[in-house]
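Each chain, letter by letter, is given below.
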Amino acid sequence: MKNSCKLLCLAAGFSLLFGSNLFAAGNEQYFGAGNGTKESPYWVENAEHLQNVRLFPNAYFVQTKDIDTGDAIFEPIGSFDKPFTGNYDGEGHRITIEELGATQGNIKLAGLWGFTSGAEIKNLIVDVNASLNLEGRVCVGGIAACANKTNVSSCSVSSDSKIYVNSEKCLYAGGIIGYSAFDTVVRSCSFEGRIDGRSRGDIDAVCAIGGIVGENRTGARIKKSTFAETASVSGNSAIAPAWVGGIAGFNEDSTYVCDCHAVVPMNLKPEYGDLKRVFTKISKCNSAGTVSGYSLERIAVGGIVGFNVAEVANCISQSSSNTRGSIVRCNDVPSALIGGVTGDNTGTIYNSSSLSSIQMLSDGFLGVGGIAGRNAGIISRCNYFAISGKALSSFTALRSFNPISALESVSARGGIVGINDNSQNKASIENSKVFGNDSDEAIATYGHSRGSYGRIIGLEVK
């Protein structure tokens, strides 16, 4: 009896002195070591440990080895009901996912993480493969499907990664994050793989596909991130608009009141208060891969952003070899805006340049520019470079002749913008230049006589 009392007293003493370590010992079945705090994060060493991250969504984690999840379908970590709010440090290690799954519900989430809120993810390399055919609205990302007030830094999705998604309605797909909102920051990340996203829904089923982020909105920012030469993104929308870009498909600034369009549930959104302006920005990013898209309704495709309503600053569409920028293209579309930096701009593009090879074919409305297909915002200190003799940074804007659509269509292209739309008295182009051997260097090839083109502006709309 006395010995039993002594043992109980000793256990109680150790519990008081080393409570956290005893807690860690109790979780050895879940992780290699640690107690989930900032000072002593859980050690993630294998696929089972990675699965267990979802059981402790508020904890700190550190990955200590490369992990392969095997042949089983990997379900995303975190959902709208139980978001991941913790901290994950990959320490430069790799996670290989052979087959990615998706969450259930009206909005499907597919990514290593499904939904993150107030989280931090860093120093991670991901190889991911996904082939998804999903009902409802869909968010897909190589790192996270949907992120709210999250920091993602120094993460890369490898050239072996392939993400194919077919959605019934809206589709937001990005190499790093599918839908990024509410002060989320993506910094120093890269995408080297392939994304092919298709939306087969009705007129409201928007398709936003980006090499880094699909839809970037409500205060979200992308900094110092790269869409690599090996990478490609493709967006295809059966009826609704499609926005496709090397960095982001859609980049929106907004005044926050009630963002009903946002995917993030209302109870998980920050309390901004009425009429507070939130700033969305893409800065110091590089796009060098292939961007393409298609829609029966209308499409905006850009080397950096498909549709820009916010700010793009200090970005460049240029490969590491300096011989070309991204390849921006679409074929057989009835209505298209396509540009080396952005397809459609109603925001601000500042101090950005393009060497993009722009290739497109349309029998309807067509606006093509070295910087923007259409500009209804501000373009300042931007340059389009046409490399003589390379035929890589010039653009080819062909019109397949359709006698019915051609009579009512608009076709314009310019070295900086195809259409400068000043109908709302907001469009301006300042201190921007086209570089080439002669005045036609940046507008190398053009088909069909019904159209306008010029050295800087193809068509001015007032």
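Residues numbered from 1 in each chain as written. Predicted model: local features only at pLDDT ≥ 70, side-chain atom pairs only at ≥ 80, totals over all residues. Heavy atoms only, no water.

Participant: Can you explain the overall build of the chain? Please cite residues and give values.
Facilitator: When you go through the chain residue by residue, the secondary structure sums to 4 helices and 48 strands. Classification of the 462 residues of the chain by burial places 57% in the buried group. Taking the contacts inside the chain whose residues are at least 6 apart along the sequence as the reference set, 80% of them involve residues at least 24 apart. For the chain, the exposed surface amounts to about 18,400 Å²; the carbon and sulfur share of it is 50%. (Helix = DSSP H or I, 4+ residues; strand = E, 2+ residues; numbered from the N terminus. Buried < 20%, exposed > 50% of the residue type's maximum accessible area, 1.4 Å probe, protein only. Contact = heavy atoms within 4.5 Å. Areas by Shrake-Rupley, 256 points an atom, 1.4 Å probe, with all protein chains shown as cover.)

Participant: Got a sec to walk through the packing of aromatic side chains? Specific residues and values, please.
Facilitator: How two aromatic rings sit relative to each other is given by the distance of their centres and the angle of their planes. Evaluation of the coordinates by the stated rule reveals 15 aromatic pairs. Counting every residue linked through ring pairs, the aromatic cluster contains Tyr30, Phe31, Tyr42, Phe56, Phe61, Phe84, Tyr88 and Trp113. (Phe/Tyr/Trp six-rings, centres within 6.5 Å; stacked < 30°, edge-to-face > 60°.)

Participant: Hey, could you go over the environment of Ala119 for me, with residue numbers and the actual values?
Facilitator: The topology assignment puts Ala119 in the loop between β6 (113-117) and β7 (120-134). Once you skip the residues sitting within four places of it in the chain, Ala119 turns out to touch Phe84, Thr85, Gly86, Lys149, Thr150 and Asn151.

Participant: Account for the pattern of salt bridges, with residues named and values stated.
Facilitator: Tallying each qualifying case throughout the model produces 10 salt bridges. A salt bridge links Glu135 to Arg200; the nearest nitrogen and oxygen atoms lie 3.2 Å apart. Taken as a pair, Glu135 in the loop between β7 and β8 (137-141) and Arg200 in the loop between β16 (194-199) and β17 (207-210) lie far apart in primary sequence, 65 residues in all. Where Arg198 meets Asp196, a salt bridge forms, and the shortest distance between an N and an O atom there is 3.7 Å. Judged by relative accessible area, Asp196 falls into the buried class, the value being 13%. Salt bridges sharing partners connect three or more residues here, namely Glu215, Arg217 and Glu252. (Salt bridge = Lys/Arg side-chain N within 4 Å of Asp/Glu carboxyl O.)

Participant: I'd love a proper account of the nonpolar core, names of residues and values included.
Facilitator: Counting residues in hydrophobic clusters, the biggest one holds 85 residues, and the most contacted among them are Leu50, Phe61, Tyr88, Trp113 and Ile282. Top contributing element to this core by residue count: β7, with 7 residues. Once you skip the residues sitting within four places of it in the chain, Ile282 turns out to touch Asn216, Ile222, Ile247, Ala248, Asn251, Ile304, Val305, Glu311, Val312, Ala313 and Cys315. Residues Leu109, Tyr172, Tyr179 and Phe307 belong to the second largest nonpolar core, which totals 20 residues. (Core = buried A, V, L, I, M, F, W, Y, C linked by side-chain atoms within 4.5 Å.)

Participant: Which residues make up the side chain of Glu252, and what are the values?
Facilitator: On the secondary structure map, Glu252 appears in strand β23 (residues 248-252). Classification of Glu252 as buried rests on a relative accessible area of 17%. Here Arg217 takes part through its side chain, which lies 2.9 Å from a polar atom of the side chain of Glu252. Setting aside its immediate chain neighbours within four residues, Glu252 contacts Asn216, Arg217, Thr218, Thr280, Val309 and Ala310. (Polar contact = N/O pair within 3.5 Å; in protein donor to acceptor, adjacent residues only side chain to side chain.)

Participant: So what about the sheet that holds strand β9 (residues 144-148)? Which residues, and what values?
Facilitator: The strand order across the open sheet formed by 10 strands is β6-β9-β13-β18-β23-β30-β34-β38-β43-β48, and the pairing between neighbours is parallel. At either margin of the open sheet sits one strand with a lone partner, and together these are β6 and β48 (457-461). Averaged over all adjacent pairs, the angle separating strand axes in this sheet is 5°, with direction ignored. Across 3 bridges, the pairing between β23 and strand β30 (residues 305-308) is parallel. Opposite Phe250, over in β30, you have Phe307 as the bridge partner. (Pairing = 2+ DSSP bridges. Axes fitted to C-alpha atoms, helices over the stretch in contact; angles between N-to-C directions.)

Participant: Would you mind going over the confidence of the model for the chain in detail, with residue names and values included?
Facilitator: Of the residues in the chain, 78% have a pLDDT of 70 or more, and the chain-wide mean is 82. Under a pLDDT of 50 for its full length, residues 397-408 has, in the predicted model, 35 contacts with residues more than four places off or in other chains. (pLDDT = per-residue confidence, 0-100.)

Participant: Give me the pairing of strand β43 (residues 417-421): which residues, what numbers.
Facilitator: Of all 5 residues making up β43, 5 are buried, and the element is well covered by its neighbours. Pairing of strand β38 (residues 372-375) with β43, which is carried by 3 bridges, proceeds in the parallel orientation. Paired with Arg374 across the strands is Ile419, a residue of β43. In terms of strand pairing, β43 meets β48 through 4 bridges, oriented parallel. Along β48, the bridge assignment pairs Val417 with Ile457.

Participant: How would you explain a negative patch on the surface if you had to name every residue and give the values?
Facilitator: Judged by side-chain charge, Asp68, Asp71, Glu98 and Glu99 come together as a negatively charged surface patch. Along the polypeptide, Glu98 turns up in the loop between β4 (87-97) and β5 (107-110). (Patch = residues over 30% accessible without salt bridge, like charges linked within 9 Å, V, L, I, M, F, W, Y side chains within 5 Å. Lys, Arg positive; Asp, Glu negative; His and termini not counted. Charge placed at Lys NZ, Arg CZ, Asp CG, Glu CD.)

Participant: Describe unusual backbone geometry, with residues and values.
Facilitator: Its identity is not glycine, yet Asn123 carries a phi of approximately 55°, on the positive side. Following the sequence through the fold, Asn123 ends up in strand β7. With a phi close to 55°, Arg381 is a non-glycine residue in the positive phi region. Residue placement: Arg381 occurs in the loop between β39 (378-380) and β40 (383-385). Of the residues examined, Arg381 reaches a relative accessible area of 44% and is grouped as partly exposed.

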